[in-house]
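Survey of secondary and tertiary structure
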Amino acid sequence: MLYGANVSAQVKTFAPTKFDAPFSESLQAVVVTTKDWSAAQGEAQIYERADNESNWKAVGKSFPVVVGKNGMAWSDGLNDLPTVTGRLLMKTEGDGKSPAGIFGLSSAFGTIEKNDRINLPYTKLEQWTECVDDVKSSQYNRLVNRTKIGNYDWKSSEKMLEIRPQYDLGVFVEHNPEKQSGAGSCIFLHIWSDAETGTAGCTAMARRNMETVFYWLDARKNPVLIQLPLEDYKKFQIAWKLPKLK
């Protein structure tokens, strides 16, 4: 887990902004597939469509990504969870797994200055910008400035500016938007350490590919991350009306 919220006026939270649009209204999708539920390496392709009646079209070439070091696990997203016999493997805090499903891409962050090429709500990282991963905190799964929080009640967080160059550019994935304690926090798209090393739960890629995704995403088009093992993607492709894989 290498990012709004109804909070009191004294609390300044940066991201994510609330993502309310259903997947049917999305016009941009970042699709990530892996070979199976335990794989840390995968492939990404971006897709777009002119309107919600049009077919999805691939944009550019696919590129490699890494996901959680322990693979993926299901998470509540914009999709219905599948009905199975037995218990679904659900994502939890600290499990080293990336969320599987469809998730809004609500806002961006980074070390660069805000500019006209950025089309998502944007937070420039500062010394005290943190993403809270303490399951007991009222700020769980929120990106905050610690100096502007009235109720500093966490013992664990990511000091965002210290995680460089991975967090030079990032996008907040709307995993666990209801901030359920222990369901996982601080899931992003960001720059990878390398092509082999899995993350603590994020989806990471080479800087050049992150730059492409970062500047391509547009809040007006309700962008989403669709992330599944390949076999499951094919299983749900028709029912969920997912992009046809290139």
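See the structure printed just above.
Criteria and thresholds
- Note that residues are indexed from 1 along each chain, following the sequence as it is written.
- Totals for whole chains, interfaces and linings use all residues, but because this is a predicted model, local features are given only for residues with pLDDT of at least 70 and pairs of side-chain atoms are given and counted only at 80 or more.
- Side-chain descriptors were evaluated using all non-hydrogen atoms of the structure, hydrogens and water having been removed beforehand.
- Any Lys or Arg side-chain nitrogen found within 4 Å of a carboxyl oxygen on Asp or Glu counts as a salt bridge.
- Accessibility here uses a 1.4 Å probe with only protein chains present; expressed as a share of the type maximum, an area under 20% marks a residue as buried, one over 50% as exposed, and anything in between as partly exposed.
- Working definition: helices are DSSP H or I runs of at least four residues, strands are E runs of at least two. Numbering for both runs from the N terminus.
- The sign given to each residue is positive for Lys and Arg and negative for Asp and Glu; His and the chain ends receive no count.
- Pairs of N or O atoms are called polar contacts if they sit within 3.5 Å, as long as, within protein, a hydrogen donor faces a hydrogen acceptor (for residues adjacent in sequence, only side-chain-to-side-chain pairs).

**Let's talk about the pattern of salt bridges**
Inspection of the entire model under this criterion finds 8 salt bridges. Among the salt bridges present, the one from Asp218 reaches Arg220, with a minimum N-O distance of 2.8 Å. For Asp218, a relative accessible area of 7% gives the class buried. What makes Arg220 exposed here is its relative accessible area of 68%. Residue Lys235 is joined to Asp232 by a salt bridge in which the shortest nitrogen-to-oxygen separation is 3.7 Å. With Lys235 and Asp232 both in helix H2 (residues 230-236), this residue pair falls 3 residues apart, about one helical turn. Judged by relative accessible area, which is 54%, Lys235 ranks as exposed. Three or more residues are tied together by salt bridges with common partners; here these are Arg164, Asp168, Arg207 and Glu211.

**Thoughts on the side chain of Lys97**
On the secondary structure map, Lys97 appears in the loop between strand E5 (72-74) and strand E6 (98-110). Of the buried charged residues, Lys97 lacks a salt bridge, with Asp95 as the closest side chain of opposite charge at 6.2 Å. Of note is the side chain of Lys97, whose polar atom sits 2.8 Å from the backbone oxygen of Asn70.

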